[in-house]
Protein chains: 2
Amino acid sequence: MLDLSTVISELSHHGFKQTRQRLAVLEVIAGAQARMSPAKVHEQARQLCPDLGLATVYRTLEILDRLGAIRRVHMTDNCEGFAPAGLGKGHHVVCVKCGRVAEFTGCNVSKLVPMATRQTGFHVQEHFLELMGTCDDCYRAAAGMANAHEDRRSRCAC
Amino acid sequence: MLDLSTVISELSHHGFKQTRQRLAVLEVIAGAQARMSPAKVHEQARQLCPDLGLATVYRTLEILDRLGAIRRVHMTDNCEGFAPAGLGKGHHVVCVKCGRVAEFTGCNVSKLVPMATRQTGFHVQEHFLELMGTCDDCYRAAAGMANAHEDRRSRCAC
DNA sequence: GTGACTGCAAATAATTTGCATTACA
DNA sequence: TGTAATGCAAATTATTTGCAGTCAC
């Protein structure tokens, strides 16, 4: 879980001021069950801070991302959502139906690095890993229906 | 390597026509060393097909992506680039300096899936993995310089 | 010949920036 | 009080769509 007070003290440590707007954005993301677009964050944070502007949301998300308090989450087609960052460890599983995000730990991707290095000659510094699937709720809901014959094209053949 | 003639026959198989514009886009991506934005593709493909419109590039990239002929590539900050798709296997290593893309195989991420399932209850269907680093050219170039003290914030603590 | 494909321009959508004003520390 | 932060509106940038004309099959 994203710990509010930790992040708040991080803000000051890095010379950022603690403002109503930032707290509102932070609180919304901290409580988020699903990955949220900047617009969604804006909409919800407005309930805590009615005069919050969208530009401020963008500026705040940028800062929180830098501090590691939140994580950018990509999706197959569209892009740029944000979710709470746990403790900076772990990776995300994103529900392709409802956007819910969960975190798991125990990533062993770093074991792949030597192999990738050998094959490509690149000097690998970081990695981005995200699993996609359905959360249990959506899975059950779908099981009820006949079949949703979606064009979900899998992107990974390995 | 992306095999042009294969993709071209794929096009017809799926009822798409073979046009100058599509061939130009395809050729540019097939020859790309680095991930390219739609705008970049447009710029280069225009040299093969001067009256090519940007909208057509978008439409063509969409089709090629569906066919699996090219791959969407995400980056840490911005988004949506495209690269040749190898044979649909393997993952990408992207150079954070020059954008060059290489592919490696032997991904073992699927081994993570049971763990993720246990921890989150999600039904995982696919995954997205990308390594980031510097290609050897950029690495050597950087080694020459003192140090580029960039604010490269690592996104992964595992 | 005809329907899919295209270019262009206009419409949307998403994000960033400038600047006068406000409010944290 | 001084400076960083904000809201708003305008500016960019990225992407999609409508439509009349064109071209592959």
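This text goes with the structure placed above it.
Computed from a prediction, not measured in an experiment: that's the story for all the values here.

K.L.:
Help me understand the protein's contact with DNA strand C, please; the structure alone is not making it clear to me.
P.N.:
The full set close to DNA strand C counts 17 residues, and Tyr58 of chain A together with Thr19, Asp51, Leu52 and Thr56 of chain B are the nearest of them. Counting only atoms of DNA strand C within 4 Å of the protein, the fraction found in sugar and phosphate groups is 76%. Side-chain polar atom of tyrosine 58 of chain A to a phosphate oxygen of DNA strand C: 2.5 Å apart, as the coordinates give it. Within the backbone of leucine 52 of chain B, a nitrogen or oxygen atom sits 3.4 Å from a phosphate oxygen of DNA strand C.

K.L.:
I would appreciate a short explanation of the sheet that holds strand S5 (residues 123–134) of chain B in the present structure.
P.N.:
Strand pairing in a sheet relies on backbone hydrogen bonds, with the paired strands running either antiparallel or parallel. Pairing within the open sheet is mixed, and its six strands lie in the order S4(A)-S3(A)-S5(A)-S5(B)-S3(B)-S4(B). The open sheet is flanked by strand S4 (101–104) of chain A together with strand S4 (101–104) of chain B, the only strands paired with a single partner. Neighbour-to-neighbour, the strand axes of this sheet turn through a mean angle of 30°, independent of strand direction. Of the pairings in the sheet, the one linking strand S3 (residues 91–95) of chain A to S4 of chain A comprises four bridges and is antiparallel in character. Bridged to histidine 92 of chain A within S4 of chain A is glutamate 103 of chain A.

K.L.:
What should I look at first to understand the side chain of threonine 134 of chain A in this one?
P.N.:
The topology assignment puts threonine 134 of chain A in strand S5 (residues 123–134). Dropping the residues within four chain positions of it, threonine 134 of chain A is found in contact with Cys95, Val96, Lys97 and Tyr139 of chain A together with Phe122, His123 and Gln125 of chain B.

K.L.:
What is the right way to read the state of the cysteines from this model?
P.N.:
A disulfide bridge is the covalent bond that connects two cysteines by way of their sulfur atoms. Residues and elements named next belong to chain A. Scanning all chains against the criterion turns up zero disulfides over all chains. In this model cysteine 135 remains outside any disulfide bridge; the closest cysteine sulfur is found in cysteine 138, 3.7 Å from its own. Taking relative accessible area as the criterion, cysteine 135 reaches 2% and is therefore assigned buried.

K.L.:
Can you help me understand the protein's contact with DNA strand D in this one?
P.N.:
Thr19, Asp51, Leu52 and Thr56 of chain A together with Tyr58 of chain B are the nearest of the 18 residues found near DNA strand D. Restricting the count to atoms of DNA strand D within 4 Å of the protein gives a sugar and phosphate share of 74%. Between DNA strand D and the protein, one listed contact pairs a sugar or linking oxygen with a side-chain N or O atom of glutamine 21 of chain A at 2.9 Å. Contact distances for DNA strand D include 3.2 Å between a phosphate oxygen and a backbone N or O atom of glutamine 18 of chain B. The set of elements that each furnish at least two residues to the surface near DNA strand D consists of helix H2 (20–30) and helix H4 (54–67) of chain A together with helix H4 (54–67) of chain B.

K.L.:
For this particular structure, what's the right way to read the nonpolar core?
P.N.:
Ranked by internal contacts, the top residues of the largest apolar core, which has 28 residues, are Val109, Leu129 and Leu131 of chain A together with Val109, Leu129 and Leu131 of chain B. Contributions of two or more residues to this core are made by S3, S4 and S5 of chain A together with strand S3 (91–95), S4 and S5 of chain B. Formed by 18 residues, the second largest nonpolar core is a distinct cluster that contains Ala24, Val25, Met36 and Cys49 of chain A.

K.L.:
Which parts of the structure should I look at to understand the pairing of S3 of chain B?
P.N.:
On a regular strand, one side chain projects to one face of the sheet and the next to the other, so that they alternate. Residues and elements named next belong to chain B. By the criterion of burial, S3 is predominantly enclosed, with five of the five residues buried. Alternating positions in S3 separate into two faces, His91, Val93 and Cys95 on one and His92 and Val94 on the other, with burial throughout. With four bridges joining them, S3 and S5 adopt parallel strand pairing. Counterpart to valine 94 in the pairing with S5 is methionine 132.

Cut-offs used in this document
Residues numbered from 1 in each chain as written. Chains lettered and ligands numbered in written order. Predicted model: local features only at pLDDT ≥ 70, side-chain atom pairs only at ≥ 80, totals over all residues. Heavy atoms only, no water. Near = heavy atom within 4 Å. Polar contact = N/O pair within 3.5 Å; in protein donor to acceptor, adjacent residues only side chain to side chain. Pairing = 2+ DSSP bridges. Helix = DSSP H or I, 4+ residues; strand = E, 2+ residues; numbered from the N terminus. Axes fitted to C-alpha atoms, helices over the stretch in contact; angles between N-to-C directions. Contact = heavy atoms within 4.5 Å. Disulfide = S-S within 2.5 Å. Buried < 20%, exposed > 50% of the residue type's maximum accessible area, 1.4 Å probe, protein only. Core = buried A, V, L, I, M, F, W, Y, C linked by side-chain atoms within 4.5 Å.

Any functional reading would require information that these geometric values do not contain.
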